[in-house]
Amino acid sequence: MTQNPNGNTIIIGIIVPACFVVLLVTLLILHRHRSYLLPGLTHDVEAARKAERMQQRRGELENTIKIESFHNWQAAQKDKHPSSLLTTDPVAICLDEFDEDAQIRGLRCSHAFHAQCLDEWFGRCNEYCPLCHRTIIPGKNIVKASMMEWPRPLPVAFMV
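The text that follows walks through the structure, step by step, so that each part is easy to find. What you see is a predicted model; the values in this text were computed from it and never measured.

### Topic: the sheet that holds strand S1 (residues 67-69)
In space, the three strands of this open sheet follow the order S1-S2-S3, with antiparallel pairing throughout. Both outer strands of the open sheet, S1 and strand S3 (112-114), are each paired with one neighbouring strand and no more. Averaged over all pairs of adjacent strands, the angle between strand axes in this sheet comes to 50°, irrespective of strand direction. Sheet topology note: the S1/strand S2 (residues 103-106) ladder contains three bridges and is antiparallel. If you follow Ile67 over to S2, its bridge partner there is Arg105. Contacts from helix H4 (residues 70-80) reach S1, S2 and S3, with the element oriented near 90° to S1.

### Overview of the pattern of salt bridges
Between side chains of opposite charge, a pair can form when the charged atoms approach closely. A complete count under the given rule lists six salt bridges for this structure. Among the ionic pairs, Glu120 bridges to Arg58, the shortest N-O distance being 2.6 Å. Pair noted here: Glu120 is in helix H5 (residues 115-123) and Arg58 is in helix H3 (residues 39-64), with a separation of 62 residues, a long-range link. The salt bridge involving Asp119 is made with Arg105; its shortest N-O contact spans 2.8 Å. Of this pair, Asp119 sits in helix H5 while Arg105 is found in strand S2, placing the two residues 14 residues apart along the sequence. Across the pair, exposure class does not vary: Asp119 and Arg105 are buried alike. Because the salt bridges share partners, they merge into one network encompassing Arg58, Glu120 and Arg124.

Reading the values: rules and limits
Residues numbered from 1 in each chain as written. Predicted model: local features only at pLDDT ≥ 70, side-chain atom pairs only at ≥ 80, totals over all residues. Heavy atoms only, no water. Pairing = 2+ DSSP bridges. Helix = DSSP H or I, 4+ residues; strand = E, 2+ residues; numbered from the N terminus. Axes fitted to C-alpha atoms, helices over the stretch in contact; angles between N-to-C directions. Contact = heavy atoms within 4.5 Å. Salt bridge = Lys/Arg side-chain N within 4 Å of Asp/Glu carboxyl O. Buried < 20%, exposed > 50% of the residue type's maximum accessible area, 1.4 Å probe, protein only.

Spelled out as structure tokens, the structure:
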């Protein structure tokens, strides 16, 4: 019985690489759709990471910009800038008007926001004042929200 040398060559040259490609494509599909395969687990882990990140950012904001009443903040602004015309109420992120006893955070750019609204705004990786776009915490390294939210893509070398 003689062996056909071309049979082994076909197996090594075509079938093994084809199996490897099918395996790679399957792994990529499973990676892309892992939330469908493990919906509760993946969602819970991502939600926990997001909540932890928001809590950490709110802590940074609390350490940098203290909460105060709108009345006290407005009086301090008039003392700091007596020549400026601060006749209108500042616009809030939520567009509600400020009450005299509203709890606000006053930014260095002289804009004020409800504490809860600014905490939510900053916690969602918004680094800038919603009105003038100056940094909320000056000197902080700005990290793009897209870099924090989504997993890194596979390198091009691994894509089929």
